[in-house]
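As a plain string of letters, each chain reads:
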Amino acid sequence: MPRTIWKGAVSFGLVHIPVALVPATTRQGIDFDWLDKRSMDRVGYKRINKTTGDDIESENIVKGVEYEKGHYVVISDDEIKGAHPKATQTVDIVAFVDAKDISFLYIDTPYYLTPDRRGEKVYALLRETLIQTGKVGIANVVLRNKQHLAVVMPLGKALVMNTLRWADEVRGVEYLELKDEALDPDLADRELDMAKRLVEDMTEKWKPEQYKDTFQDQIMDLVEKKAREGKLEAVGGPEEAVDRRSADVIDLTELLKRSLAGKPAKSPAASTDEKADDTPEKAPAKPKTAASKAKTSKSTTSSSRTRKAPAAASKSKKAS
């Protein structure tokens, strides 16, 4: 089943379409952990005072915005919370525009919209209207306490919502400061004809599955090869991967419940940290060196002698 991250409605005019939001993408990649090469312990991140180098407790950290060089304005958590837009659980369409007018530079994150609570018919009505008119809906939506501009558009038999970048986040072409030779070139017809033929020769159907992340494949092949050769290092410190993954799922459930109830949700990072504090795991044992084996043997012999000592001597020791 698709993973729903948000429930609400698409609204325009007097039309109200119950929908659920489903991520349309998934992130891939390789996570490299930092390790201390001397002990193979995990290396973490510390909050430190950049002037003194001292560790700072979280309760002594405040948020500030640099107003001018070296001078900051401190903003409290309550002030930040008050500035967040109110979550209305609505994809509020404020206008319809021609689909071709939206540059792909503005497209940010895609989501599928699925009909919810018997909203199939009105969902289909909006989809078919957009297809036949060539329009898309420009909307405001709040996701996880953050305000987004978005576009609602048809994709086959489904509706898709793409969050958009704000205008001040997209640089215009003038930022490149292109020279006249690039802006208004003097191209010969022969050059254009040859370029068009080359494009036509290389034209094929778009098949995204044929393009692969070669870096990820090569790194994972290398990992498999080294593992088969026995080149594995015992890493000290608590194992966090499983806890973090399960914590993300719990946080998501809590986020949905709280968003539907209109309550502020905890940040995933905070919930994960709390879970890690509640359920510490035992660090894996490190391989024993010759010195440690000798030390163990010595301590074993010593303890053996202690066990063989007469009871009277033990009582005498207690009395002293």
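Residues numbered from 1 in each chain as written. Predicted model: local features only at pLDDT ≥ 70, side-chain atom pairs only at ≥ 80, totals over all residues. Heavy atoms only, no water.

A. Molecular detail of the overall build of the protein. The helix and strand inventory of the protein stands at nine helices and nine strands. The burial tally for the protein puts 17% of its 320 residues in the buried class. Of the contacts formed within the protein by residues at least 6 apart in sequence, a portion of 62% connects residues at least 24 apart. Of the roughly 25,800 Å² of accessible surface on the protein, a fraction of 55% belongs to carbon and sulfur atoms. (Helix = DSSP H or I, 4+ residues; strand = E, 2+ residues; numbered from the N terminus. Buried < 20%, exposed > 50% of the residue type's maximum accessible area, 1.4 Å probe, protein only. Contact = heavy atoms within 4.5 Å. Areas by Shrake-Rupley, 256 points an atom, 1.4 Å probe, with all protein chains shown as cover.)

B. Structural context of the side chain of glutamine 89. Within the secondary structure layout, glutamine 89 lies in the loop between helix H1 (77-83) and strand S5 (90-98). Within the structure, the side chain of glutamine 89 is placed 2.5 Å from the backbone oxygen of lysine 7, a separation counted as a polar contact. (Polar contact = N/O pair within 3.5 Å; in protein donor to acceptor, adjacent residues only side chain to side chain.)

C. Seen up close, the packing of aromatic side chains. In this structure the tally under the stated criterion is two aromatic pairs. Residues tryptophan 206 and tyrosine 211 carry aromatic rings whose centres are separated by 5.7 Å and whose planes lie at 20° to one another, so their mutual orientation is stacked. Note on tyrosine 211: relative accessible area 48%, which makes it partly exposed. Sitting over the ring of tyrosine 175, arginine 171 keeps its end group 4.3 Å from the ring centre. (Phe/Tyr/Trp six-rings, centres within 6.5 Å; stacked < 30°, edge-to-face > 60°. Lys NZ or Arg CZ within 6 Å of the ring centre and 35° of its normal.)

D. Looking closely at a negative patch on the surface. Taken together, Asp180, Glu181, Asp184, Asp186 and Glu191 make up a surface patch of like negative charges. Along the chain, the position of glutamate 181 falls in helix H3 (residues 180-183). (Patch = residues over 30% accessible without salt bridge, like charges linked within 9 Å, V, L, I, M, F, W, Y side chains within 5 Å. Salt bridge = Lys/Arg side-chain N within 4 Å of Asp/Glu carboxyl O. Lys, Arg positive; Asp, Glu negative; His and termini not counted. Charge placed at Lys NZ, Arg CZ, Asp CG, Glu CD.)

E. Representation of the sheet that holds strand S6 (residues 107-115) within the structure. The seven strands lie next to each other as S1-S2-S6-S9-S8-S7-S5, forming a closed barrel whose pairing is mixed. Adjacent strand axes in the sheet meet at a mean angle of 40°, parallel and antiparallel pairs treated alike. Sheet analysis places strand S1 (residues 6-12) next to strand S2 (residues 15-23), joined by seven bridges and oriented antiparallel. Within S2, the residue paired with tryptophan 6 across the bridge is leucine 21. (Pairing = 2+ DSSP bridges. Axes fitted to C-alpha atoms, helices over the stretch in contact; angles between N-to-C directions.)

F. Region of interest: the confidence of the model for the protein. Model confidence for the protein is summarised by a mean pLDDT of 76, while 72% of its residues fall at 70 or above. Considering each helix and strand of the protein separately, the mean pLDDT is smallest for helix H9 (residues 311-319), with a value of 40, and largest for strand S9 (residues 158-164), with 95. Within the model, pLDDT remains below 50 along residues 239-250, and this stretch shows eleven contacts once partners closer than five positions in the same chain are excluded. (pLDDT = per-residue confidence, 0-100.)

G. A look at a nonpolar patch on the surface. A cluster of nonpolar side chains, Val173, Tyr175, Leu176, Leu178 and Leu183, forms an exposed patch at the surface whose accessible area comes to about 530 Å². Position of valine 173 among the secondary structure elements: in the loop between S9 and H3. By relative accessible area, valine 173 is classed as exposed at 56%.

H. Structural context of helix H2 (residues 120-133). In a regular helix each residue adds 1.5 Å, so 14 residues correspond to 20 Å; H2 covers 20 Å between its end C-alpha atoms and thus fits that length. Those residues of H2 that fall on the buried side of the exposure criterion are Tyr123, Leu126, Arg127 and Leu130. Angularly, the buried residues of H2 cover 95° about the axis, an arc narrow enough to put them on a single face. Residues of H2 that are exposed and point over 90 degrees away from its buried face: Lys121, Leu125 and Gln132. Phi for glycine 134, located one or two positions after H2, is positive at around 70°. (Expected span 1.5 Å × (residues − 1). Arc of directions from axis to C-beta.)

I. Inspection of the environment of asparagine 145 at higher detail. Tracing the backbone shows asparagine 145 in the loop between strand S7 (135-143) and strand S8 (146-155). With relative accessibility at 32%, the residue asparagine 145 sits in the partly exposed group. Along the sequence, asparagine 145 and proline 85 sit 60 residues apart, while their C-alpha atoms lie 6.5 Å from each other.

J. Representation of the pairing of S8. Bridging between S7 and S8 involves seven bridges; their strand directions are antiparallel. Across the sheet, residue alanine 139 finds its bridge partner in S8, namely alanine 150. In this structure, the hairpin formed by S7 and S8 is closed by a connection of two residues, where arginine 144 is found at a positive phi of approximately 50°. Taking the residues between adjacent antiparallel strands as the criterion, S8 and S9 are bridged by two residues, where glycine 156 takes a positive phi near 65°.

K. Examining the nonpolar core more closely. In this structure, Trp6, Val10, Leu21, Val91, Leu113 and Met161 are the most contacted members of the largest nonpolar core, which totals 20 residues. Those elements giving two or more residues to this core turn out to be S1, S2, S5, S6, H2, S7, S8 and S9. Not counting chain neighbours up to four residues away, the residues in contact with valine 10 comprise Val15, His16, Ile17, Val19, Val91, Ile93, Leu113 and Leu126. Within the second largest apolar cluster, five residues are counted, among which are Val136, Ile138, Val151 and Leu164. (Core = buried A, V, L, I, M, F, W, Y, C linked by side-chain atoms within 4.5 Å.)

L. Inspection of the pairing of S7 at higher detail. Taking burial as the measure, the nine residues of S7 include seven buried ones, the bulk of the element. Where S5 and S7 come together, six bridges link them in antiparallel fashion. Opposite isoleucine 93, over in S7, you have alanine 139 as the bridge partner.

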